[in-house]
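# Structural overview
One letter stands for each residue in the lines below.
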Amino acid sequence: MDLQQLVLRSDELGVRLEVVNGLAIWEAQPLYRHQKHVERIAASIARSEGGACGCVHALDVYIQFPNGLKRPDISIFCREPGEAEQDSVLTMVPEAVVEVVSKGYEAKDLEIGPPFYLSSQGVKDVLVFDPQTLLVLHVCQGQARRLVSPVVVDLKCGCRVVI
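Described below are features of the structure shown in this document.

Reading the values: rules and limits
Throughout, residues of each chain are indexed from 1 in the direction in which the sequence is written. Note on the predicted model: pLDDT of at least 70 is required for a residue's local features to be given, and 80 or more for side-chain atom pairs to be given and counted; whole-chain, interface and lining totals, by contrast, use all residues. Side-chain metrics rest on all non-hydrogen atoms present in the structure, leaving aside hydrogens and water. Under the scheme used here, helices are H or I runs from DSSP no shorter than 4 residues and strands are E runs no shorter than 2 residues, and both carry numbers assigned from the N terminus. A simple rule labels every residue: compare its accessible area, found with a 1.4 Å probe on the protein chains alone, to the largest value its type can have, and call it buried under 20%, exposed over 50%, or partly exposed in between. We call two residues contacting when some pair of their heavy atoms lies within 4.5 Å. Method for areas: the Shrake-Rupley scheme with a 1.4 Å probe, in which residue coverage is limited to the protein chains shown. Working definition: a disulfide is two cysteine sulfur atoms within 2.5 Å of each other. The span one expects for a helix is its residue count, reduced by one, times 1.5 Å. Bend at a given residue is defined as the angle between two axes, one fitted to the seven residues that end at that position and one fitted to the seven that begin there. Here is the rule: rings of Phe, Tyr and Trp (six-membered ring for Trp) pair when centre to centre is within 6.5 Å. Planes less than 30 degrees apart are stacked, more than 60 are edge-to-face, and the remainder are tilted. Residues enter a nonpolar core if they are buried and are Ala, Val, Leu, Ile, Met, Phe, Trp, Tyr or Cys, with the set joined through side-chain atoms within 4.5 Å. The pairing criterion is simple: DSSP has to find at least two bridges between the two strands. Throughout, an axis means a line fitted to C-alpha atoms (over the contacting stretch in the case of helices), and angles, computed between N-to-C directions, take values from 0 to 180 degrees.

What follows deals with the overall build of the chain. In terms of regular secondary structure, the chain is built from three helices and 13 strands. The 163 residues of the chain split such that 48% are buried. The long-range share in the chain, meaning contacts at least 24 apart out of those at least 6 apart in sequence, stands at 51%. Taken as a whole, the chain presents about 8,300 Å² of accessible surface, with 55% of it coming from carbon and sulfur.

So, in structure tokens, the structure goes:
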């Protein structure tokens, strides 16, 4: 069984398995409150004024990055994935990702995720929302901003999101 098959089968056990730079990381499936935050944020995604990106988003899907396999809470793309990719792990790298912190997994979302996404993976914006503290961390190449929810964030790709 290859790594992609193992990761996909982990869902059957109620576990989210990700691989970051060769390191396997797992967490329990998200709970209701977590998913409600994800849905609310996803519903706010729109094109910024003058933006050319399609602002297509996907929730909780596996993406094969150059250095690992991740499952962002929200992935934002400028176009739909190709037809062949829609029934397998995506290989198209998102323009931006949004992670909602789950209690007990703060380090994964705040310390491991942003550096991974920005280190030669191709992601331009990483947003991490902690519903317990209302902290919104917006990280992009060369800068990190700490914001407080609710906040409107304009992304480099030309999309806007409310967290």
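Applying the stated rule across the entire model yields two disulfides. The residue that forms a disulfide with Cys-55 is Cys-159, at a sulfur-sulfur distance of 2.1 Å. Here the S-S torsion is close to -110 degrees, and the disulfide linking Cys-55 with Cys-159 is therefore left-handed. Remark: Cys-159 occurs in strand β13 (residues 159–162) and Cys-55 occurs in the loop between β3 (46–47) and β4 (56–59); sequence separation between them is 104 residues. A residue is classified by how much of its surface remains accessible, and Cys-55, at 8% relative accessible area, is buried.

Turning our attention to helix α3 (residues 106–118). For α3, with 13 residues, the first-to-last C-alpha span of 18 Å sits near the 18 Å given by 1.5 Å per residue. Its maximal kink placed at Ile-112, α3 deviates by approximately 40 degrees, while the proline Pro-114 follows within four residues.

What follows is about the packing of aromatic side chains. What the rule picks out here adds up to three aromatic pairs. On the basis of an interplanar angle of 85 degrees and a centroid distance of 5.6 Å, the ring pair of Phe-65 and Phe-116 is categorised as edge-to-face. Taken as a pair, Phe-65 in strand β5 (residues 63–65) and Phe-116 in helix α3 lie far apart in primary sequence, 51 residues in all. Across this residue pair, the class does not change: Phe-65 and Phe-116 are buried. On the basis of an interplanar angle of 65 degrees and a centroid distance of 5.8 Å, the ring pair of Phe-116 and Tyr-117 is categorised as edge-to-face. Of the two residues, Phe-116 and Tyr-117, neither departs from the other in class, the shared state being buried.

Moving on to the nonpolar core. Core analysis: the largest hydrophobic core is formed by 22 residues, its most contacted members being Ile-41, Ile-74, Leu-127, Leu-155, Val-161 and Ile-163. Contributions of two or more residues to this core are made by α2 (32–43), β7 (74–77), β8 (96–100), β9 (125–130) and β13. Discounting residues that sit within four places of it in the chain, Ile-163 has contacts with Arg-40, Ile-41, Val-98, Leu-127, Phe-129, Val-136, Ser-149, Pro-150 and Val-151. Counting 19 residues, the second-largest nonpolar core is a separate cluster that includes Val-20, Ile-25, Ala-58 and Ile-63.

In this section: the sheet that holds β7. Spatially, β4-β7-β8-β9-β10-β11 is the arrangement adopted by the six strands of the open sheet, whose pairing is mixed. The sheet is open, and its two borders are formed by β4 and β11 (143–148), each paired with just one other strand. Strand after strand, the sheet turns through a mean of 15 degrees between neighbouring axes, direction not considered. Sheet topology places β7 next to β8; three bridges connect them, and they run antiparallel. Residue pairing across strands places Ile-74 opposite Val-98, the latter belonging to β8. Most of the contacts of α2 go to β8, to which it runs at about 150 degrees, and overall it touches β4, β7, β8 and β9. Against the sheet, α3 makes contact with β8, β9 and β10 (135–140), and its axis sits at roughly 170 degrees relative to β9, the strand it touches most.

Turning to the pairing of β8, a few remarks are in order. Counting buried positions along β8 yields five of five residues, so the element is predominantly enclosed. Taking every second residue as pointing to the same face, both faces of β8 are buried, with Ala-96, Val-98 and Val-100 on one and Val-97 and Glu-99 on the other. As defined by bridge partners, β8 adjoins β9 across five bridges and the pair is classed as parallel. Bridge pairing in β9 links Val-98 to Leu-127.

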